[in-house]
Amino acid sequence: MEFGIFLQGYNPAFRREGNPNAEHEALMNDMAYGIAADKAGFKYVWLSEHHFLDEYSHLSANDVMCGYLAHATERIHIGSGIFNPLPQVNHPAKVAERVAMLDHLSGGRFEFGTGRGAGSHEILGFLPGIEDMSQTKEIWEDVIREFPKMWLQDEYEGYDGRFWSLPPRRILPKPYGKGHPAMWYAAGSPPSYEMAARLGLGVLGFSIGDLEAAEKLTAKYKEAIGNAEPIGAFVNNNVLAVSTGFVATEKRAAIDRAVAARPSYLVSNVYRYHDTFPHPEGLPNWPELVPDINAEMVEFAADAGAMIVGDPDNALKAVKQFEAAGVDQLVLGLGPDTREGTLETIRLFGEHIIPKLDTEAEHRTTVFRRTAGA
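All values derive from a computational prediction rather than experimental measurement.

Asker: How should I be thinking about the pairing of strand 4 (residues 110-114) in this particular structure?
Answerer: Put simply, side chains in a regular strand alternate between the two faces of the sheet. Counting buried positions along strand 4 gives five out of five residues, so the element sits mostly inside the fold. The sheet contact formed by strand 3 (residues 77-80) and strand 4 spans two bridges and is parallel. Pairing of G79 across the sheet is with E111, part of strand 4. A crossover connection joins strand 3 to the parallel strand 4 through helix 4 (residues 92-105); in handedness this β-α-β unit is right-handed. Pairing of strand 4 with strand 7 (residues 183-186), which is carried by three bridges, proceeds in the parallel orientation. Among the inter-strand pairings, G113 is bridged to a residue of strand 7, identified as W184.

Shown next, in the form of structure tokens:
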């Protein structure tokens, strides 16, 4: 199993009180985490693209951040989690250009993840008047198959679709080296996992909340991937799951950090904006908040596989459960913890967990790209 981190520019209101530099600190901390993860042996860093989502995510221009990390890191793969390819948000030709450029700047370390936006607050900013949020799926489907053609055809043949069009043009630059970066899709519902598999796309499982969901959704994906008809140059057989991590040398210190981080406030913001997600029964609606958790609740969540909390031995045990569920890549969602605590979690993962579970020197997606067509 491989490992990554997820960055989103989390900037909650309770950190902004009396601190006019809170937003700047959040963004620069994320860059520090990416650099630290590279040194610790994590193989991937994923950066969100969100717009207008105050508190929840201030990382809007993630292509800029990807370029920063391409220069500041050496080995870690840098992924868009996501680039939004809907023509009303980002023109597909410009997305293709940015992906190829980042592939060059990183020396072939870029990963191309796509999706459709967080919910109505974000989507309606670019598609005012749209009545059915599910229409974004049709728009995404009208775009996604064209990217490999833009990269691999000397002169792109052009496209005249339902939602966008482009005459024949040379899309420049071309990706670095052979083929093109691995392609991923940010899946939410179970049918999305099967759809991604059929298209040969890896799954960014940002919606996986616990081990039970990881096992079920991974099984659906793996069952379908055998019949993939890839839209790109290769099948990216990959399921990524995200978990929250608080690791310290002593278990009690990790629990205390998890309580102080107020992860329930982040959960409140998830459902504040992701109104296309099913709303769990009993969960309050914004601006009412999910209650903060105490130490006992942290331990319960850790036992249920919803969080990774404790000393390195506790963390290793929890991570092995994701491995047993069939997950290919486990990603730590960072942001709620302090800078110091987050850097400790990254360091301890690199020292005690990654070497025991990720024994392959080459990135999984690099293998797929290198051996495509062999």
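Further notes follow.
Asker: For this particular structure, what's the right way to read the pattern of salt bridges?
Answerer: Pairing between side chains becomes possible if they bear opposite charge and their charged atoms approach one another. What the rule picks out here adds up to 22 salt bridges. Taking the shortest distance from any N to any O, the salt bridge between K137 and E141 comes out at 2.4 Å. Of this pair, K137 and E141 both sit in helix 6 (residues 135-144), four residues apart, which is roughly one turn of the helix. In this structure, the salt-bridge partner of R252 is D256, at a minimum N-O distance of 3.1 Å.

Asker: Can you help me understand unusual backbone geometry in this one?
Answerer: Trans is the prevailing form of peptide bonds, just as negative phi is the prevailing case for residues other than glycine. Cis geometry is found at the peptide bond from L172 to P173, where omega equals 0°. With respect to the element layout, P173 can be found in the loop between strand 6 (165-166) and strand 7. W286 connects to P287 through a cis peptide bond whose omega is 15°. Its identity as a non-glycine residue notwithstanding, F52 has a phi of 75°, on the positive side. With respect to the helices, strands and loops of the structure, F52 is situated in the loop between strand 2 (44-47) and helix 3 (62-72). Unusually for a residue other than glycine, E55 sits at a positive phi of about 75°.

Asker: I would appreciate a short explanation of the nonpolar core in the present structure.
Answerer: As a rule of thumb, nonpolar side chains are buried together in soluble globular proteins. Judged by nonpolar contacts, the single largest core of 85 residues is most densely connected at F3, F42, L47, F112, F147, V319 and F349. The residues contacting F42, other than those within four sequence positions of it, are F3, G4, I5, A37, I76, L332, I346, F349 and I354. Grouped together as the second largest cluster of nonpolar side chains are 13 residues, F246, A258, A261 and V298 included.

What counts, and where the lines are drawn
Residues numbered from 1 in each chain as written. Predicted model: local features only at pLDDT ≥ 70, side-chain atom pairs only at ≥ 80, totals over all residues. Heavy atoms only, no water. Buried < 20%, exposed > 50% of the residue type's maximum accessible area, 1.4 Å probe, protein only. Helix = DSSP H or I, 4+ residues; strand = E, 2+ residues; numbered from the N terminus. Pairing = 2+ DSSP bridges. Right-handed = clockwise from strand over helix to strand, strands pointing away. Salt bridge = Lys/Arg side-chain N within 4 Å of Asp/Glu carboxyl O. Core = buried A, V, L, I, M, F, W, Y, C linked by side-chain atoms within 4.5 Å. Contact = heavy atoms within 4.5 Å.

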